[in-house]
Amino acid sequence: MKRMIFSMALLALTLTSAGKTNDTDPIRQQIRWEAPAFPSNEEGFIEKLYLTYYTSDGQRHDIVSDMSLPMPADAFAGGDIEEPDINFDGIPDLQVSVGFMNATGHNPVYNWYVWDVRSHSFVEVDNVAIINPTLNEEEKTIYTHMLEGGTMYVDSYRWKGLQLEKTGEWAEDWSEMTE
C-alpha cells in the first residue's frame, strides 16, 4: 500500500513537472472569484488590491497586490485580472493589473502569480518587474516592454524552475513613433 501511494505521488509530481494540462489539478478548474476590492486610504489613494478566491475544496485564499504607484481612488482604472498560462505548463495562472510604472500611461505593470499544484494556490512571481508583457508560447519566452522617452526597452525571460531568469535585453529607437 505504501509503495502504491508513493508511486501515485511520484506520478502526480511527474505529470505536474512535465507541464500537462490543468487536468492534473481539478481544484484549479473550479475556482470561484470574489469581486476585487480596492480600498482607499485616508487621503483617497489606493495602495493595494485585494483578491479573494475559493477552491472547490472549500478553502478561501486571499491575494494582496501592491499598486505600482498609489492611485487616486477617483481616477483608478486598473485591477483587471486575466488567467494566461504564464509559465507554459498548461495550467492557467494569474495576471493582475496594478497600474502604471509612471504617469505617462505607456508602461502598464502587472503582478503575476503561478498556480502551485501542491498547495492548490497561486504563488507570486516576485523576482522581476512585469511591465507590458508579451508571452511567446512557441519559444516559451516572456518579453517585457517599457517605453521611456523615445526608447523602447525590451527584456526577455525564461522559466528556470519556479523563477524567471533574464535571458536578454535590448533597446529600440521609437522616437519617430512617439512624436
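Residues numbered from 1 in each chain as written. Predicted model: local features only at pLDDT ≥ 70, side-chain atom pairs only at ≥ 80, totals over all residues. Heavy atoms only, no water.

Peer 1: What should I look at first to understand the confidence of the model for the protein chain in this one?
Peer 2: Predicted coordinates in regions of low pLDDT should not be interpreted in detail. Chain-level pLDDT for the protein chain is 80 on average; 83% of the residues reach the 70-or-more range. By mean pLDDT, the top-scoring element of the protein chain is strand β8 (residues 133-136) (95), and the lowest-scoring one is helix α1 (residues 2-17) (31). (pLDDT = per-residue confidence, 0-100. Helix = DSSP H or I, 4+ residues; strand = E, 2+ residues; numbered from the N terminus.)

Peer 1: Which parts of the structure should I look at to understand the packing of aromatic side chains?
Peer 2: What describes a pair of aromatic rings is the distance from one ring centre to the other and the angle between the planes of the rings. As enumerated under the stated definition, the model contains 6 aromatic pairs in all. Ring geometry for tyrosine 53 versus phenylalanine 122: centroids 5.1 Å apart, planes at 80°, classification edge-to-face. In this pair, tyrosine 53 sits in strand β2 (residues 45-54) while phenylalanine 122 sits in strand β7 (residues 121-131), placing the two residues 69 residues apart along the sequence. No difference in accessibility class separates tyrosine 53 from phenylalanine 122, as the two residues are buried. (Phe/Tyr/Trp six-rings, centres within 6.5 Å; stacked < 30°, edge-to-face > 60°. Buried < 20%, exposed > 50% of the residue type's maximum accessible area, 1.4 Å probe, protein only.)

Peer 1: Sorry, what's going on with unusual backbone geometry here?
Peer 2: In terms of backbone geometry, most residues other than glycine have negative phi values and most peptide bonds are trans. For asparagine 132, which is not a glycine, the phi torsion comes out positive at approximately 45°. Locating asparagine 132 in the fold gives a position in the loop between β7 and β8. For lysine 140, which is not glycine, the phi torsion reads 55° and is therefore positive.

Peer 1: Got a minute to help me understand the environment of leucine 147 in this structure?
Peer 2: Inspection of the secondary structure assignment puts leucine 147 in strand β9 (residues 141-148). On a C-alpha basis, the gap between leucine 147 and asparagine 107 in space is 6.5 Å, while along the polypeptide they are 40 residues apart.

Peer 1: Would you mind showing me how to read the sheet that holds strand β3 (residues 60-72) here?
Peer 2: Strand pairing in a sheet is mediated by backbone hydrogen bonds. Such pairs are either parallel or antiparallel. Taking strand neighbours across the sheet as the criterion, the 3 strands line up as β1-β2-β3 in an open arrangement whose pairing is antiparallel. Edge positions in the sheet fall to β1 (32-33) and β3, since each has one partner strand and no second. Relative to β3, β2 runs antiparallel, the two being bridged by 9 bridges. Within β3, the residue paired with tyrosine 54 across the bridge is arginine 60. (Pairing = 2+ DSSP bridges.)

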